[in-house]
Amino acid sequence: MITQPGASVRSQTTDVDAMLAELRLNNDPHDIEVGGMSLHILPGVLSPRLSHAPDALISKWHIEPGAAVLDLGCGSGVLGLAALRAGARRLVALDINPQAVLSTKINIERLGYGDRAEAIESDTYAALQPGAQFDTIIFAAPYWNRKANDDLERSCFDQDHKVMAAAVGGAHVWLSPKGAMYVIFSDQGDVGHVMNLIEESKLRVRDMHIFRPTIPGGHVRIVWKLSAR
């Protein structure tokens with residue numbers, strides 16, 4: 001990858017506390033290239049400079065041409081914007097973190113998608129208009145069953161996996177009849193509990209992919225494709 005002056009280079013870590021500490025060290029925005037997109041990341045937002053979950057999810061999704069896409073917990077907007085590049089017609093990006101929403105708005109404009117995409121502050125689906133329907137819902141879930149003390153930690157920590165429960169449990173309301181939800185998770189969270197949440201929801205597993213660690217001490221990633229029962 002050729003890095004533009006002032007841009008950051010992607011790296012991997014398995015230590016979530018070290019990752020969060022590194023992100024907090026720098027109070028300045030940074031740019032990072034992911035999949036040919038130059039993204040602007042504000043302080044307080046989980047950066048794909050250190051998180052490689054988006055790469056795994058993108059490698060296994062199928063975005064229908066013209067699809068309406070919901071990016072749940074959008075962070076920098078990397079997944080939703082990649083979906084537009086893959087042929088989606090419309091994007092709604094949601095995040096509870098105001099800095100993440102602002103980052104996504106900046107990147108929407110930066111990449112020229114202002115007429116096809118919007119970013120909204122929302123606790124899971126709360127800000128959606130009644131009757132909204134999406135062909136694809138994308139969710140890069142927080143893995144760790146820990147209490148989040150601020151917005152940045154919410155991108156990684158989900159105590160008792162309550163956000164996962166709300167995301168999976170409510171998805172059927174917003175999915176079109178033939179739509180699909182893609183969820184990425186990790187063995188650093190409680191996989192069995194999440195599988196139970198899926199079983200208790202109105203979704204079913206249509207496909208599942210396992211990604212082995214790519215660095216020593218790394219974690220296993222799981223991508224689920226879910227659809228309505």
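Each remark here, short or long, concerns the structure printed above.
Here is a short report on the structure shown in this document. (Residues numbered from 1 in each chain as written. Predicted model: local features only at pLDDT ≥ 70, side-chain atom pairs only at ≥ 80, totals over all residues. Heavy atoms only, no water.)

Another aspect to go through is the overall build of the protein. When its secondary structure is counted, the protein shows 7 helices and 9 strands. The C-alpha atoms of the protein give a radius of gyration of 16 Å, which matches the 17 Å a tight globule of 229 residues would have. In terms of overall dimensions, the protein has C-alpha extents of about 50 × 40 × 30 Å along its principal axes. Here the protein, with 229 residues, has 48% of them falling under the buried criterion. In the protein, once contacts between residues fewer than 6 apart in sequence are set aside, the share between residues at least 24 apart is 66%. Of the roughly 10600 Å² of accessible surface on the protein, a fraction of 50% belongs to carbon and sulfur atoms. On the protein, the mean spot of the 22 positive side-chain charges and the mean spot of the 26 negative ones are 6 Å from each other. (Helix = DSSP H or I, 4+ residues; strand = E, 2+ residues; numbered from the N terminus. Rg over C-alpha atoms; globule rule 2.2 N^0.38 Å. Buried < 20%, exposed > 50% of the residue type's maximum accessible area, 1.4 Å probe, protein only. Contact = heavy atoms within 4.5 Å. Areas by Shrake-Rupley, 256 points an atom, 1.4 Å probe, with all protein chains shown as cover. Lys, Arg positive; Asp, Glu negative; His and termini not counted. Charge placed at Lys NZ, Arg CZ, Asp CG, Glu CD.)

The next subject is the environment of Arg89. In this fold, Arg89 is placed in the loop between helix H3 (78-85) and strand S4 (90-95). Between the C-alpha atoms of Arg89 and Ser176, which are 87 residues apart in sequence, the distance is 15 Å.

So, on to the pattern of salt bridges. Note that side chains of opposite charge can pair when their charged atoms are close. This structure, assessed with the given rule, holds 7 salt bridges. For Arg146, the salt bridge identified is with Asp17, shortest N-O distance 3.0 Å. Taken together, the residues Arg146 in the loop between strand S6 (134-140) and helix H5 (151-154) and Asp17 in helix H1 (residues 16-25) connect sequence positions 129 residues apart. For Asp151, the salt bridge goes to Arg154, with nearest N and O atoms at 2.3 Å. With a gap of 3 residues between them, Asp151 and Arg154 both fall in helix H5, about one helical turn apart. Sharing partners across several salt bridges, the network here consists of Arg24, Asp150 and Glu153. (Salt bridge = Lys/Arg side-chain N within 4 Å of Asp/Glu carboxyl O.)

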